[in-house]
Amino acid sequence: MIEKIIKAGEIASKVREEAKKMIKPGVKLLEVANFVENRIKELGGEPAFPCNLSINDVAAHYTPKVNDELEFKEDDVVKLDLGVHVDGYIADTAVTVDLSNSYKDLVKASEDALREVINNIEIPMNIGEMGRIIEEVIKSYGYKPIANLSGHVMYRYELHTGVSIPNVYEKTNKTIDVGDLVAIEPFATNGFGMVKDGPLGNIYKFLAKRPIRLLKAKKMLDEIAKKYPFLPFAERWVLKDEKDKIALNSLLKANAIYGYPVLKEREGGIVSQAEHTIYITENKIIVITK
Ligand code: MN
Ligand code: MN
C-alpha cells in the first residue's frame, strides 16, 4: 500500500512540475489538461480526477470541455490542480502560476501557509489548529483564507469522504493521525474569503444507475458506471463530440450523474492555492507530492 501511495505522489509531482512550465499566454487550457492526463498514464498512474485549471476569481473545478478554445492570457492567475491514483491510492497536488506577475505575494501566502502547517504537525494533530496556522500565515500577508474550502483525508478510491482540514481556525476535537493520507490545500484571496457556486465546470461524478430511455445516454451511463464508479470524470472523457452533450445532459436530468459547479470567489477576488498530500506513518510525515 505505501509503495502505491509513494508512486502516486512521485507521478503527481513530476507531472505538476512539467505542466506548470506549459502554462503561458496563448496556450490552450485543453493542451495542458490533455498533457497532464496522458502523462499520468504514461508514468503508470491514472488521473484521480480531471486536471483542474481555474483562473483568477475561479478557485477550483474548471476543466476544459470538448474542443475548448480557451487560452491562458497575460494577466491570468492560474491554479493547476491534479490528482493521480495508483490502484485507488490518491495523490492530490496543486500550484498557482501567476502570469501577471502582480500577485507574487498572494501566491506566496498560500505556499507559505502550506509549508508552515506541514512543518508544525504533531501527531495526533488537531485539525482546528491546522486551520489556525493556515489562517495566521495568510493574514500575515494581508490576505484572507477561503473559509469554505478545505483539505481532506482520502481513502482508497475516495477523494473527499474523510475529515476536512479547514483553512481557518475552528474549535473541534477532530484530529489526523497515523495511517492518514491527507490533502492540505490553503487558498488565499484579496476578496471576501468565501466561494460561491458558478456555472458547471465540465466535471461530473457517477451517482446511480437510473432507467434511461435514450439509447445513446443509456450506453454512456453504462460506460461511466464501469470506468468511473467512484472518482470524478471530465465531460471530455465520455463525449466523442459536442453532439453527445444531449446524452450527458439527460443523465444529469435523470440524477444519474452529478455536475460540479465552478467555485468562484464571492466578491470576485483573485485566488491562489497550494496543495500537497501527506502520509502519516508511526515515525514521520511524508510529503508524497514534494
Ligand atoms: Mn487538488
Ligand atoms: Mn484536494
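Residues numbered from 1 in each chain as written. Chains lettered and ligands numbered in written order. Predicted model: local features only at pLDDT ≥ 70, side-chain atom pairs only at ≥ 80, totals over all residues. Heavy atoms only, no water.

### Concerning the pattern of salt bridges
1) Next: This model, assessed by the stated rule, comprises 17 salt bridges.
2) Next: The partner of Lys20 in a salt bridge is Glu17, and the shortest N-O contact between them spans 3.3 Å. A residue pair is termed a helical-turn pair when its members lie 3 or 4 positions apart in one helix, as Lys20 and Glu17 do in helix α1 (residues 2-22) at three residues.
3) Next: In this structure, Lys227 engages Glu223 in a salt bridge whose closest nitrogen and oxygen atoms are separated by 3.0 Å. One end of the pair is Lys227 and the other is Glu223, both in helix α5 (residues 215-227) and four residues apart, which spans about a single turn.
4) Next: Classification of Lys227 by relative accessible area gives exposed; the value is 52%.
5) Next: One network of salt bridges, in which partners are shared, links Lys14, Glu18, Arg39 and Glu42. (Salt bridge = Lys/Arg side-chain N within 4 Å of Asp/Glu carboxyl O. Helix = DSSP H or I, 4+ residues; strand = E, 2+ residues; numbered from the N terminus. Buried < 20%, exposed > 50% of the residue type's maximum accessible area, 1.4 Å probe, protein only.)

### Some words on the environment of Arg236
1) Next: For Arg236, the position within the fold is in helix α6 (residues 235-238).
2) Next: Owing to a relative accessible area of 13%, Arg236 belongs among the buried residues under this scheme.
3) Next: Between the alpha carbons of Arg236 and Lys7 there is a distance of 26 Å; along the sequence they are 229 residues apart.
4) Next: The residues touching Arg236, leaving out its near neighbours within four places in the chain, are Leu30, Ala33, Asn34, Glu37, Pro50, Cys51, Thr63, Pro64, Lys65 and Val66.
5) Next: In this structure the side chain of Arg236 is engaged in a polar contact, spanning 2.7 Å, whose partner is the backbone oxygen of Pro64. (Contact = heavy atoms within 4.5 Å. Polar contact = N/O pair within 3.5 Å; in protein donor to acceptor, adjacent residues only side chain to side chain.)

### Notes on the nonpolar core
1) Next: Ile23, Val32, Val36, Leu53, Phe72, Val78 and Leu80 are the most contacted members of the largest nonpolar core, which has 41 residues in total.
2) Next: If you list the elements that add at least two residues to this core, you get α1, α2 (29-42), β1 (46-55), β3 (77-86), β4 (89-98) and β10 (181-184).
3) Next: Residue contributions to this core peak at six residues, all from α1.
4) Next: Non-local contacts of Leu53, meaning those with residues more than four positions away in its chain, are made with Ile23, Leu29, Val32, Ala33, Tyr62, Pro64, Phe72, Val78, Lys79 and Leu80.
5) Next: Residues Ala113, Ile133, Val153 and Ile176 belong to the second largest nonpolar core, which totals 27 residues. (Core = buried A, V, L, I, M, F, W, Y, C linked by side-chain atoms within 4.5 Å.)

### Concerning the sheet that holds strand β16 (residues 276-280)
1) Next: Taken in spatial order, the five strands line up as β8-β7-β10-β16-β17 in an open sheet, and their pairing is antiparallel. Each edge of the sheet is formed by a strand with only one pairing partner; in this case those strands are β8 (164-166) and β17 (285-287). Mean inter-strand twist for the sheet, computed between neighbouring axes without regard to direction, equals 25 degrees.
2) Next: One ladder, built from three bridges, connects strand β7 (residues 150-154) with β8; its direction is antiparallel. Residue Ser150 lies in a different strand from β8, and its bridge partner there is Pro166.
3) Next: Running over the sheet, helix α4 (residues 127-140) touches β8 and β10 and is turned about 35 degrees from β8. (Pairing = 2+ DSSP bridges. Axes fitted to C-alpha atoms, helices over the stretch in contact; angles between N-to-C directions.)

### Structural notes on the coordination of the manganese ion (ligand 1)
Ideal donor angles around a metal are set by the shape: a four-donor tetrahedron calls for 109.5 degrees, a six-donor octahedron for 90 or 180 degrees.
1) Next: The protein atoms that coordinate the manganese ion (ligand 1) are Asp81 (OD), Asp81 (OD), Asp92 (OD) and Glu275 (OE), at distances spanning 2.1 to 2.4 Å.
2) Next: Going along the chain, you hit the donors of the manganese ion (ligand 1) in the pattern D-x10-D-x182-E.
3) Next: Here the manganese ion (ligand 2) and the manganese ion (ligand 1) are spaced 3.1 Å from one another, each receiving a donor from Asp92. With Asp81 in strand β3 and Asp92 in strand β4, this pair connects stretches of sequence that are eleven residues apart.
4) Next: Residue class for Asp81 comes out buried when judged on its relative accessible area of 9%.
5) Next: The class of Asp92 is buried, set by a relative accessible area of 3%. (Donors = N, O, S within 2.8 Å, 3.2 Å for Na, K, Ca; no water.)

### A short note on the sheet that holds strand β2 (residues 58-60)
1) Next: Taken in spatial order, the four strands line up as β2-β14-β12-β13 in an open sheet, and their pairing is antiparallel. Whereas interior strands pair on both sides, the edge strands pair on one side only; in this sheet they are β2 and β13 (233-234).
2) Next: Across the sheet, α5 is in contact with β12 (195-206), β13 and β14 (257-265); its angle to β12 comes to roughly 90 degrees.
3) Next: Lying over the sheet, helix α7 (residues 245-253) contacts β12 and β14, oriented at roughly 90 degrees with respect to β14.

### Section: the domain arrangement of the chain
1) Next: Split into domains, the chain comes out as domain 1 (2-197 + 263-287) and domain 2 (198-262).
2) Next: Between domain 1 and domain 2, the C-alpha centre-to-centre distance is 25 Å.
3) Next: The interface of domain 1 with domain 2 comprises 27 residues on the first partner and 18 residues on the second.
4) Next: For the pair domain 1 and domain 2, the two sides together bury roughly 1800 Å², of which 65% comes from carbon and sulfur.
5) Next: Linking domain 1 with domain 2 are one salt bridge, by the criterion used here.
6) Next: Between Glu37 and Arg236 there is a salt bridge whose closest N-O contact spans 2.7 Å.
7) Next: The tally of links between domain 1 and domain 2 comes to eight residue pairs in polar contact (both at pLDDT 80 or more).
8) Next: Taken together, the elements giving at least two residues each to the side of domain 1 that touches domain 2 come down to α2, β1, β2, β12 and β14.
9) Next: Of the residues forming the side of domain 1 that touches domain 2, the biggest block, six residues, is contributed by β1. (Domains from an automatic or database assignment. Buried area = accessible area lost by both parts, 1.4 Å probe.)

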